[in-house]
Structures are given as structure tokens and as C-alpha cells.
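# Structural overview
The lines below spell out each chain.
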There are 2 protein chains.
Amino acid sequence: MIDIINKAELYGYIAALLTTIAFLPQLIRTFRTKSADDVSLLMLVIFIIGLLFWILYGWQSKAFPVLIANLVTLILNCSILLLKLVYRTRA
Amino acid sequence: MIDIINKAELYGYIAALLTTIAFLPQLIRTFRTKSADDVSLLMLVIFIIGLLFWILYGWQSKAFPVLIANLVTLILNCSILLLKLVYRTRA
């Protein structure tokens with residue numbers, strides 16, 4: 001199995017899996033605590049725009065781990081942003 | 001200038017810049033508020049391990065935007081993790 005794909009691809013898929021599922025515990029935590037005040041709004045906005053460019057990069061250069069990972073990461077981060085806006089406290 | 005590098009590379013460098021600088025406002029916010037309770041510890045740990053694999057992937061496949069972006073992102077996220085541990089409240 002390892003012989004079929006090369007080492008770089010293997011690292012890419014492990015990386016893609018980890019940096020994608022990483023945002024699940026954040027989403028679950030925000031949903032449970034109903035609070036994301038400590039999560040920077042500016043970070044989420046810049047990160048989401050960046051993810052859109054990674055998707056373009058992955059598509060253009062046929063780097064499929066980059067493409068797939070960033071598509072799912074985009075969905076998770078948009079969900080976190082949505083929850084943050086829903087649960088925000090008025091300062 | 002645009003002619004020298006191809007479109008995929010251009011997207012890659014914009015993506016690299018955005019998903020890297022995105023963590024700066026988070027770091028600044030955590031430093032200012034002295035609180036990162038809403039930031040998931042599990043997210044940071046899984047994300048940091050994933051970044052290490054992106055660095056390996058970027059190195060092996062010579063995808064330099066991936067390599068450089070993830071190196072800086074790693075440093076920023078390790079800093080956020082450190083601040084979270086320093087400022088944590090005892091539950």
C-alpha cells in the first residue's frame with residue numbers, strides 16, 4: 001500500500017487529515033460552552049480568505065491533499081465563525 | 001512580474017501569507033485579554049502535529065509556499081498554546 005503512493009503524498013494526507021480534524025474539537029467546544037469570545041474574529045476572517053486561496057492553489061497545481069484538506073477546513077471554520085457571531089456577548 | 005511566476009504559485013503565496021498572518025491577531029488577542037479558555041487545547045495540539053506533517057510534505061514535494069507558510073504558522077500556534085497554558089484558569 002505504502003509502495004503505491006510516494007512518501008510526500010503520505011505526509012500530505014496525514015497533514016491534511018490532522019489540520020482538518022483539528023477544528024472539530026474547537027467547533028464542539030464552542031457549541032458546548034456557547035462562547036467563543038477568546039477566539040479572534042479577525043483570525044477567522046483572514047484564515048477563511050486564506051483557505052479560499054489554498055483551494056485555488058491546490059486546484060491549479062493539482063496538489064490534491066491541499067485542495068481536499070482546505071475545503072473541509074473551510075466548512076469547519078465557517079461553522080466556528082457562525083457560532084461565534086451567534087453567541088457573541090455585547091461588550 | 002506576474003509573468004515570471006505562474007498562477008498557481010501566485011495563489012500559493014497569497015494563501016501562505018493569509019493563513020500565516022491570520023494567527024497574529026489571535027496571538028495579540030490572547031496576550032491582551034490574558035485568556036484563551038474558549039480556544040480548544042485539543043485543536044491546538046492536533047493542529048500543531050498536522051503543521052509538522054505539512055512541513056514534511058512541503059519539503060518532500062518541493063511545495064515551497066506550503067513549507068514556508070507552515071513553518072511560520074507553527075511558531076505562531078506554539079506561541080498561542082504556550083500563552084493558553086500560562087493563562088489557563090483552574091476549573
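Preceding this section is the structure that the text describes.
Read on for a plain summary of the structure. All of these numbers come straight from a predicted model, not from anything done at the bench.

What counts and what doesn't
- Residues numbered from 1 in each chain as written.
- Chains lettered and ligands numbered in written order.
- Predicted model: local features only at pLDDT ≥ 70, side-chain atom pairs only at ≥ 80, totals over all residues.
- Heavy atoms only, no water.
- Helix = DSSP H or I, 4+ residues; strand = E, 2+ residues; numbered from the N terminus.
- Rg over C-alpha atoms; globule rule 2.2 N^0.38 Å.
- Buried < 20%, exposed > 50% of the residue type's maximum accessible area, 1.4 Å probe, protein only.
- Contact = heavy atoms within 4.5 Å.
- Areas by Shrake-Rupley, 256 points an atom, 1.4 Å probe, with all protein chains shown as cover.
- Expected span 1.5 Å × (residues − 1).
- 1 Å grid on protein atoms, 1.4 Å probe; cavity = no way out; pocket = protein on both sides within 12 Å on 5 of 7 lines; lining within 4 Å.
- Points joined across faces, edges and corners; volume = space filled by probe spheres on them.
- Nonpolar A, V, L, I, M, F, W, Y, C, P; charged D, E, K, R; others polar.
- Buried area = accessible area lost by both parts, 1.4 Å probe.
- Salt bridge = Lys/Arg side-chain N within 4 Å of Asp/Glu carboxyl O.
- Polar contact = N/O pair within 3.5 Å; in protein donor to acceptor, adjacent residues only side chain to side chain.

### A word on the overall build of chain A
Across its full length, chain A holds four helices and zero strands. Going residue by residue from the N terminus, the α and β elements of chain A occur as α-α-α-α. Against the globule reference of 12 Å for 91 residues, chain A gives a C-alpha radius of gyration of 16 Å, more extended than a compact globule. Judged by the C-alpha coordinates and their principal axes, chain A covers about 55 × 25 × 15 Å. Sorting the 91 residues of chain A into buried and exposed places 49% on the buried side. Summarising the internal contacts of chain A: among those between residues at least 6 apart in sequence, 73% fall at separations of at least 24. Total accessible area on chain A stands at roughly 5100 Å², and carbon and sulfur atoms take up 72% of it.

### Quick look at helix α3 (residues 41–60) of chain A
Relative to the 28 Å expected for 20 residues at 1.5 Å per residue, α3 of chain A spans 29 Å between its end C-alpha atoms, a close match to the ideal helical length. By the burial criterion, the buried members of α3 of chain A are M43, L44, I46, F47, I48, G50, L51, W54, I55, Y57 and G58 of chain A. Residues of α3 of chain A that are buried in the fold lie against α2 (23–33) and α4 (64–87) of chain A together with α1 (7–21), α2 (23–33), α3 (41–60) and α4 (64–87) of chain B. Just downstream of α3 of chain A lies K62 of chain A, where phi reads positive at about 55°.

### Topic: the environment of I14 of chain A
Residue and element names in this part refer to chain A. The topology assignment puts I14 in helix α1 (residues 7–21). The exposure class of I14 is partly exposed, given its relative accessible area of 30%. Taking the C-alpha atoms as reference points, I14 and L24, 10 residues apart in sequence, are found 16 Å from one another.

### Side note on empty space enclosed by the protein
Applying the stated rule across the entire model yields two cavities of 30 Å³ or more. Roughly 220 Å³ of internal volume is contained in the largest cavity. If you trace the largest cavity, you find 18 residues lining it, with T19, W54 and N70 of chain A together with W54 and N70 of chain B closest to the centre. Counting only elements with at least two residues in the lining of the largest cavity, the list comes to α1, α3 and α4 of chain A together with α3 and α4 of chain B. Split into classes, the residues belonging to the lining of the largest cavity amount to 11 nonpolar, seven polar and no charged. Reported here for the second largest cavity is a volume of approximately 130 Å³. Elements represented by at least two residues in the lining of the second largest cavity include exactly α2, α3 and α4 of chain A together with α2, α3 and α4 of chain B. For the lining of the second largest cavity, the residue count by class is 12 nonpolar, four polar and no charged.

### Focus on unusual backbone geometry
When glycine is set aside, most residues are seen to have a negative phi, and most peptide bonds are trans. The phi torsion at K34 of chain A lies on the positive side, around 55°, for a residue other than glycine. By the element assignment, K34 of chain A lies in the loop between α2 and α3. Its identity as a non-glycine residue notwithstanding, K62 of chain B has a phi of 55°, on the positive side. When you line up the elements, K62 of chain B lands in the loop between α3 and α4. With a relative accessible area of 59%, K62 of chain B lands in the exposed category.

### Focus: the interface of chain A and chain B
In this assembly, 38 residues from chain A lie in contact with 38 residues from chain B. Each partner contributes to the roughly 3500 Å² buried at the junction of chain A and chain B, and carbon and sulfur atoms together form 74% of this total. Counting the surface chain A buries against chain B, the share from its top three residues, D38, W54 and Y57 of chain A, is 20%. Inspection of the region where chain A meets chain B yields zero salt bridges. One can count 13 residue pairs in polar contact (both at pLDDT 80 or more) joining chain A with chain B. Sorting the residues of the side of chain A that touches chain B by element identifies α1, α2, α3 and α4 of chain A as the ones contributing at least two each. Examining the composition of the side of chain A that touches chain B, we find that 12 residues originate from one element, α3 of chain A, more than from any other. Split by residue class, the side of chain A that touches chain B holds 26 nonpolar, eight polar and four charged.

That is the geometry; function is a separate question.
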